[in-house]
Structures are given as C-alpha cells and as structure tokens.
Amino acid sequence: MKLININNNEIYDFADNIKNGKLIVIPTETVYGLAANALDENAIKLIFKVKGRPQDNPLIIHTYSKENIYKFTKNQPKYIDNIIDKFMPGPITLVLEKQDIIPKIVTAGLKTVGIRIPNHSDTLKFLKIVDLPLAAPSANKSGKPSPTKVEHIFNDYQNQDEIYGIINGGECNVGIESTIIKCEEEKIIILRPGIINKSMIQEIVDVDVIDYNGNEILAPGMKYKHYSPDIPVFITKEININPQVLNLSYNGKIENTFSFNEKNIYSIFREVDKNFNSINIVLTKELTENKALYNRILKASEKS
Ligand code: TXA
Ligand code: MG
C-alpha cells in the first residue's frame, strides 16, 4: 500500500487505479473510509471481501456536490435542500431512494442508498478528480473500531494487494462516524446518532425527527458487533482500582481516570490492548446525554 499526501502528483495515479477497480483509503472528517467506484460491482465485491463485511450490510456513497446527490437519488422530500445547505459538506449521511445507476450490491438489495459529502478538503479534491461516486465503509476490519489515524489502517491491513494506497489526511477531526438519517416524506428517522444531533436537525425542518426504535431493521449494519477493542469493555458507576484495568471518564470529569471523547475513543480502543486486560468506562449523566458517543460505548461493550 502506498501512502501519499494529496499534493503529490501520484494522486492522479490513485484516481486511475480507483477507476480501474482498485481500492483506495480516503480520509474524512469522521473516520477513514475504504473506497471503491460505486458503479463497479466487482470493485464493491472487493470491499466486502477485504473488510470481511457481511453481504447484507449496505455501503454509503461519497460525493462532492448537491447536484450529485440529486443525480444518484430520487423522490427527495422537499426539506432535503435545507439539510444539504445547512450540514453538507459535513458528518451526516442521507438515506434516500436510489437511482437505478447505483448497483444493488452497494445497497445490499435495498431500494434506498446512504449518501454523504465528507468535509475533508483532500477527499473533496480526490472526489472531484475521480468524478465518480465512491462507496466507502469505515476502513477497519469488520467489528473493529473505525480508523482515525493512518497507523490504524496499517494495523488492520498488511500485505493487502487489493488496496492500492492511502491518502494521508492526518488525524480525523470528529473521530466517530456520521449521523445517518432516513429521509421520508413525512418524517426523518435517525438511524445512527452522530455529532449532528436530533435538535440540530429538527430546528431546520418542518417534519418530525425521531430516533430509530430498533424494532424494525432499518439500518442493517446496526445489528452487527461494532467498534470493539480486543479486551473487554465494561460500563460501571465506579472506578476499578485493579492496575490492569484502564478507567475512562468522559471529558476527564472523574479523578484518577483517563479522559476520553469522540475524537480519541477509537484510538484508545485500538492502542490500550497491550497494556491492560480490560476497560472500565465510568458512567455519568453527561455521557448518557451524548447519544452518539454513548451509542458507540454500548456497542463496544456488547459481548457478541
Ligand atoms: O462517517 C461515516 O459515515 C464513515 C465515513 C467513512 O464516511 N462511513 C461509515 O460507513 O461509517 P460504514 O459502512 O462503516 O457504516 C455505514 C452504516 C452501516 O451501518 C449500514 O448498515 C448503514 O450505514 N447503511 C448504509 N446504507 C443504508 C441504507 N440504504 N439504509 C439504511 N442503513 C444504511
Ligand atoms: Mg463501520
């Protein structure tokens, strides 16, 4: 795997390779993505293979403009312009009815597609050079924490020829994945919480914004184990004094604990494995009120 910066002329070689069916790792403001040409079924198959991703878990596509969102989706609700104008480029994914040009394998057979405009100048530039929609799940092996630094990608993928290279965009600013919203005519359903939250969305639309209740399977990926370090994660109300336990508290609010937040949580999950035998996250009201972060913590602590 080659590692380059966006200003390197090899970026055009990267663009040719992704057009020819190879995979490229792209930086985004949320987490790094493992990208392929969304219109090339064989390239999409490679993503599933390399990641070890279940076939029934759809991918989201990345593009650079509002016009392209309209090009790859259809029957957009009227409020969609408000959302695009306010939050995009940014850490939000719209689930809308897909146009036929998007292959079924991308959406795991669903009639809808997730689409977003990432807010990272390198990737916006790359998307414009390639000028194709790029399907990209987070660039981790299935079940592992998403990568927020280049070294995380090298840890997951060594000697993986299908991945031609990585665009080095530095550490991801946000650190957890985008908010995913299902945009229906009469309502908006938050399928995956992120830093763009319910009240921020509700403020600019006149339909109801509701949380996904988990009863129907609307976001197929949410049923799988996610974001897990190799050591177990427990959520408790107290500090654990065993020296082999890493105690974490949200924003370092509790003494003798290590501070975590959205930006560093996946790095901690990936980097502590060697030094501790478990992680104890001290539960606070402030943490439960941060729905996006609390969602990742709960999933990381699930046993299967
Ligand atoms: O921040 C992000 O969204 C990152 C960066 C790389 O853009 N991407 C990301 O992709 O988190 P991934 O594949 O790791 O998670 C996408 C989630 C999955 O849980 C999937 O099931 C859900 O989006 N999803 C994709 N298309 C969907 C659709 N049409 N309907 C419902 N859920 C969908
Ligand atoms: Mg993921």
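Just so you know, these numbers come straight off a predicted model, no measurement behind them. (Residues numbered from 1 in each chain as written. Chains lettered and ligands numbered in written order. Predicted model: local features only at pLDDT ≥ 70, side-chain atom pairs only at ≥ 80, totals over all residues. Heavy atoms only, no water.)

Draft legend 1. Layout of the overall build of the protein. Within the protein one finds ten helices and 16 strands. For 304 residues, the compact-globule estimate of 2.2 N^0.38 gives 19 Å, and the C-alpha radius of gyration of the protein, at 19 Å, lies within 12% of that figure. The principal-axis extent of the C-alpha atoms belonging to the protein is close to 55 × 50 × 30 Å. Relative to its full complement of 304 residues, the protein shows a buried share of 55%. (Helix = DSSP H or I, 4+ residues; strand = E, 2+ residues; numbered from the N terminus. Rg over C-alpha atoms; globule rule 2.2 N^0.38 Å. Buried < 20%, exposed > 50% of the residue type's maximum accessible area, 1.4 Å probe, protein only.)

Draft legend 2. Fine view of the sheet that holds strand 13 (residues 233-236). Pairing is parallel across the open sheet formed by four strands, whose spatial order is 13-16-14-15. Two strands lie at the open edges of the sheet, namely strand 13 and strand 15 (258-260), each paired on one side alone. When strand polarity is set aside, the average angle formed by the axes of neighbouring strands in this sheet is 35 degrees. The pairing of strand 13 with strand 16 (residues 278-282) spans four bridges and is parallel. In the strand pairing of strand 16, V233 is matched with I279. (Pairing = 2+ DSSP bridges. Axes fitted to C-alpha atoms, helices over the stretch in contact; angles between N-to-C directions.)

Draft legend 3. The arrangement of the packing of aromatic side chains in detail. Applying the stated criterion across every chain yields a total of two aromatic pairs. A ring pair is formed by F14 and Y164, whose centres lie 5.6 Å apart and whose planes are at 75 degrees; its orientation type is edge-to-face. Taken together, the positions of F14 in helix 1 (residues 10-19) and Y164 in strand 9 (residues 163-167) put the pair 150 residues apart, joining distant regions of the chain. Neither residue differs from the other here; F14 and Y164 are each classed as buried. Plain terms: the ring middles of Y250 and F260 are 6.0 Å apart, the flat faces sit at 50 degrees to each other, and that makes the pair tilted. Here F260 lies in strand 15 and Y250 lies in strand 14 (residues 245-250), a separation of ten residues in the sequence. Take Y250: its relative accessible area is 10%, and that puts it in the buried class. (Phe/Tyr/Trp six-rings, centres within 6.5 Å; stacked < 30°, edge-to-face > 60°.)

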